[in-house]
Amino acid sequence: MTTTPSEATALPAAFRALPLQDVVSAPGALDALPDVLRRLDARRVTVLHDGARIVHDGRDAVATVLRLASSPRAGTTFVDDTLVRRTAHGVVLDEDTVDAATIGCQGYDVVVATGGGTVTDLAKAVVAATGARLVVVQCAASVNGYSDALSVLVRNGAKRTAPTAWPAALLVDHDVLAAAPPHLTRSGVGDAAATWTAPADWYLAGAFGMDAGYDPEVFRPVQEAVARLRAHPAESAEALSALVDALTVGGLSIGICGTTAPLSGSEHLMSHLLDMAAMARDEPHDLHGAQVGVATVVAASLWQLALDRLDRAALETAVLSPPTDLRGRVAATWAVVDPSGRVGAECWTAVERKLALWAERQDAARAAVDAWDEHRATLRGLTADPAVPADVLRAWGAPTRFSELTPTVGEDEVRWVLRSLPLMRDRFTLPDLLLLAGLWDDALLDEVLALAARHGGGL
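Rules behind the numbers
- Residues numbered from 1 in each chain as written.
- Predicted model: local features only at pLDDT ≥ 70, side-chain atom pairs only at ≥ 80, totals over all residues.
- Heavy atoms only, no water.
- Helix = DSSP H or I, 4+ residues; strand = E, 2+ residues; numbered from the N terminus.
- Rg over C-alpha atoms; globule rule 2.2 N^0.38 Å.
- Contact = heavy atoms within 4.5 Å.
- Areas by Shrake-Rupley, 256 points an atom, 1.4 Å probe, with all protein chains shown as cover.
- Expected span 1.5 Å × (residues − 1).
- Buried < 20%, exposed > 50% of the residue type's maximum accessible area, 1.4 Å probe, protein only.
- Pairing = 2+ DSSP bridges.
- Axes fitted to C-alpha atoms, helices over the stretch in contact; angles between N-to-C directions.

Student: Tell me about the overall build of the protein chain, and name the residues and values.
Tutor: Along its length, the protein chain carries 20 helices and 10 strands. A globule of 459 residues ought to have a C-alpha radius of gyration of about 23 Å, and the protein chain, at 22 Å, matches this closely. In terms of principal-axis extent, the alpha carbons of the protein chain reach across some 70 × 50 × 40 Å. Nonlocal contacts in the protein chain, meaning residues at least 24 apart in sequence, comprise 79% of its contacts between residues at least 6 apart. For the protein chain, the computed accessible surface area is about 16800 Å², with 52% contributed by carbon and sulfur atoms.

Student: Would you mind going over helix 4 (residues 117–130) in detail, with residue names and values included?
Tutor: Here helix 4 is 14 residues long and its end C-alpha atoms lie 20 Å apart, about the 20 Å a rise of 1.5 Å per residue gives. Counting buried residues along helix 4, 10 of its 14 residues qualify, which places the element largely inside the surrounding structure. Residues Gly117, Val119, Thr120, Asp121, Leu122, Ala123, Lys124, Ala125, Val126 and Val127 constitute the buried set of helix 4. Buried positions along helix 4 lie against strand 2 (44–49), helix 3 (95–104), strand 6 (110–115), strand 7 (133–138) and strand 8 (150–155). At the exit of helix 4 stands Gly131, carrying a positive phi of roughly 85°.

Student: Before we move on, could you go through the sheet that holds strand 7 and cite the residues and values that matter?
Tutor: Across a sheet, strands are paired by hydrogen bonds formed along the backbone, either parallel or antiparallel in direction. In space, the 6 strands of this open sheet follow the order 1-10-7-6-2-5, with parallel pairing throughout. The sheet is open, and its two borders are formed by strand 1 (22–26) and strand 5 (78–83), each paired with just one other strand. Taking the axes of each pair of neighbouring strands and ignoring which way they run, one obtains an average angle of 15° across the sheet. The pairing of strand 2 with strand 6 spans 4 bridges and is parallel. Following the sheet pairing, Leu48 is matched in strand 6 by Ala113. Set on the sheet, helix 2 (residues 61–70) makes contact with strand 2, strand 5, strand 6 and strand 7; between it and strand 5 the angle comes to about 155°.

Structure, rendered in structure tokens:
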């Protein structure tokens, strides 16, 4: 790497074999853009952005990127920009948006994505289709998706994580990030907070034979960065550096695994469900990270209750028998927001894959039940008391309750989201185990919300 994340965050050897090696993460990193483009032998360059006003050193960041990309030092022959189409929900990465951006970026050998996580996810999908190389200019510490080869896209109205393309280079200018609107940085804190719950979902899936990739070394550097985030005063330079490291190394961790599972569990699924419901109703929703932060307090509460309640006796019989009416549950759940049935059909396809894999992995499931006491001890070490994410979010001024999101999310929708957690995708998480154990009901959700409320979260 040109410049690694903070030396306080040591990276295992696996990170040194990743396709993304040209990472400049430091104050003033944007000035390295011409040198990066020259190393890539860039000729025809387009700057992909969504028109958002991003200020850098008193100037528009997109204009600065265009100027730097056109400088003699860069060695480029043609530079222009491509504006991303926007909807009432902002930039939505549905089929039409990806297709339009792909057409707009044809004929360029380098795409410079300038903006937030959504623009970056779009750019990764675009270069996967066109064969161009990608330079990411990160303009906010808002999500961990700048440094991986996956994109969260909308397919048939449902959020799906898909393999796309690695950036060839990533520029993380701490000066640009410090000048970003505070709500974007708080969103990043929310995304980083998932480190206190998501690895447990990944471990659980591996224990029950539903994911073969679990590796604690992958997310250990992220845990170390998040610990530094907690150790420094909110919004200090040290805390911002820790946040940047948590997000950058988090993306690299995801890239190593080829899945978001190490850092995306039930808390991220809650955010995706909020997005999907809002899009189906043609209504706005808050930033992904803001929603994830609020959801992490709830997910931590769920883990605490589940680990206290679930024992081997509770799992030995019921856990091996999926509900017989699951297809009807999926259809009924999604008919609430999409009476056409399109979203419900997409979600059932994913849930059906999960059930098929569950049927294949019964030996692993039985072994996991037999070893549940050991698994439970490990899971306690992978989760935090709900007070931990709640306190960090509150210190940064980030929302901790669903009612504090913008727009606010009411109790009925929160309960719909929680009930829907096992009914949207094929990844196995704690709500799936509780559903299979016959424990996923409104009484449990009442207790989860009550526990989260005691720590300043929940409704």
